[in-house]
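Okay, here's what each chain looks like letter by letter:
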Amino acid sequence: MLQLTFFKDSAKGQQPSSHSTTTASRTSTTYSDIHEDDVAHFAQVGFDTLVQLLTVQQGFQADVIRTIYKYLSSYEKMVEVIEAMREAAEVHAVAEILSRTEDNNVEDDSIMDDSVKEDSVKSEEE
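Reading the values: the criteria
- One numbering rule holds for all chains: residues counted from 1, following each sequence as written.
- Totals for whole chains, interfaces and linings use all residues, but because this is a predicted model, local features are given only for residues with pLDDT of at least 70 and pairs of side-chain atoms are given and counted only at 80 or more.
- Side-chain numbers here rest on the full set of heavy atoms in the structure, without hydrogens or water.
- Throughout, nonpolar core names a set of buried Ala, Val, Leu, Ile, Met, Phe, Trp, Tyr and Cys residues whose side chains join them through atoms within 4.5 Å.
- Each residue gets one of three labels from its accessible area relative to the maximum for its type: buried under 20%, exposed over 50%, partly exposed in between, using a 1.4 Å probe on protein chains only.
- By definition, residues are in contact when any of their heavy atoms lie within 4.5 Å.
- Salt bridges are defined by distance alone: a side-chain nitrogen of Lys or Arg within 4 Å of a carboxyl oxygen of Asp or Glu.
- Helical segments are the DSSP runs of H or I of at least four residues, strand segments are the runs of E of at least two, and each set is numbered from the N terminus.
- Only the stretch in contact is used when fitting a helix axis, every axis being a line fitted to C-alpha atoms; angles between N-to-C directions are given from 0 to 180 degrees.
- To sort the angles, those under 35 degrees are grouped as roughly parallel, those over 145 as roughly antiparallel, those from 65 to 115 as roughly perpendicular, and the leftovers as oblique.
- Handedness of a helix crossing follows the sense of rotation of the near helix relative to the far helix, less than a right angle counterclockwise being left-handed and clockwise being right-handed.
- All amino acids are sorted into three groups, where Ala, Val, Leu, Ile, Met, Phe, Trp, Tyr, Cys and Pro are nonpolar, Asp, Glu, Lys and Arg are charged, and the leftover types, Gly among them, are polar.
- Expected helix span is taken as 1.5 Å per residue step, with the number of steps being one fewer than the number of residues.
- This arc corresponds to the set of directions leading from the helix axis out to the C-beta atoms.
- Patch members must show over 30% relative accessible area and no salt bridge, and they are joined within 9 Å when carrying like charges or within 5 Å when they are nonpolar side chains of Val, Leu, Ile, Met, Phe, Trp or Tyr.
- Only the protein chains shown count as cover for residues, with accessible areas throughout obtained via the Shrake-Rupley method and a probe of 1.4 Å.
- Any pair of nitrogen or oxygen atoms within 3.5 Å is treated as a polar contact; in protein, a donor-acceptor pairing is required on top of that, and neighbouring residues in sequence qualify only through side-chain atoms on both sides.

Chemist: What am I meant to see in the nonpolar core here?
Modeler: For soluble globular proteins, the rule of thumb is that nonpolar side chains tend to be buried together. Ranked by size, the top nonpolar core spans 9 residues in total: Phe47, Val51, Leu54, Phe60, Ile65, Ile68, Met78, Val79 and Ile82. If sequence neighbours within four positions are ignored, Phe47 has contacts with Arg66, Tyr69 and Tyr75.

Following this line, the structure appears as structure tokens:
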């Protein structure tokens, strides 16, 4: 008869153990229930999920985000670059829209949100 044990120490009712290690810069947790052969797979799934989230949040295609990541040394730096790209694209889009609508005497700058207005003022000052 097959008997499954879901707890390492079923007599005490304790859950499978995990351990944490703390260094000066970060804390990492290693869970014993992830097989060593599966770590790379789960890392890829997690990365793909984060890339997909960035495509929705920042408006760039996944292949663009992955390409930028290849050239940088960390995910955090890649996010900073993607955010800067989005902000630059918004400023450029507003400038293009305004330049194309000035001929029509459109005085409405409601297409700009506050952050874009601030960025365009900064670029005009420089």
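Chemist: Is there a simple way to explain the pattern of salt bridges in this structure?
Modeler: Pairing is possible between side chains that carry opposite charge, provided their charged atoms lie close to one another. Overall, the coordinates contain 4 salt bridges when judged by the stated rule. The residue Arg100 makes a salt bridge to Glu96 at a minimum N-O spacing of 2.9 Å. With a gap of 4 residues between them, Arg100 and Glu96 both fall in helix α3 (residues 75-101), about one helical turn apart. Via salt bridges that share partners, Arg86, Glu87 and Glu90 belong to a single interconnected network.

Chemist: I keep staring at the packing of helix α1 (residues 39-58) against helix α2 (residues 62-71) and nothing clicks. Help me out?
Modeler: The interhelical angle for the contact between α1 and α2, taken along N-to-C directions, is 120 degrees, at an axis separation of 9 Å. By the angle class used here, α1 and α2 are oblique. Judged by the twist between their axes, the crossing of α1 over α2 is right-handed. Residues Phe47, Asp48, Val51, Leu54 and Thr55 of α1 touch α2, and the partners they reach there are Ala62, Ile65, Arg66 and Tyr69. Of the residues that constitute the contact of α1 with α2, the class distribution is 6 nonpolar, 1 polar and 2 charged.

Chemist: For this particular structure, what's the right way to read α1?
Modeler: Residues lying three or four places apart along an α-helix face the same way, a consequence of the helix completing one turn every 3.6 residues. Spanning 20 residues, α1 covers 28 Å between terminal C-alpha atoms, matching the ideal 28 Å at 1.5 Å per step. Buried within α1 are the following residues: Phe47, Val51, Leu54, Thr55 and Gln58. Considered in projection along α1, the buried side chains sweep an arc of 105 degrees and stay on one side of the axis. The secondary structure elements touched by the buried residues of α1 are α2 and α3. Positive phi appears at Gly59, one or two residues downstream of α1, with a value of about 85 degrees.

Chemist: Sorry, what's going on with a nonpolar patch on the surface here?
Modeler: The grouping of Ile34, Val39 and Phe42 at the surface amounts to a nonpolar patch, some 260 Å² of accessible area in total. Within the secondary structure, Ile34 sits in the loop between β2 (27-31) and α1. Residue Ile34 is classed as partly exposed on the basis of its relative accessible area, which comes to 37%.

Chemist: Just checking my understanding: could you explain the side chain of Thr55 for this structure?
Modeler: Position of Thr55 relative to the elements: it lies in helix α1. At 2.5 Å, the side chain of Thr55 and the backbone oxygen of Gln52 are in polar contact. Discounting chain neighbours no more than four positions away, the residues touching Thr55 are Phe60, Gln61, Ala62 and Ile65.

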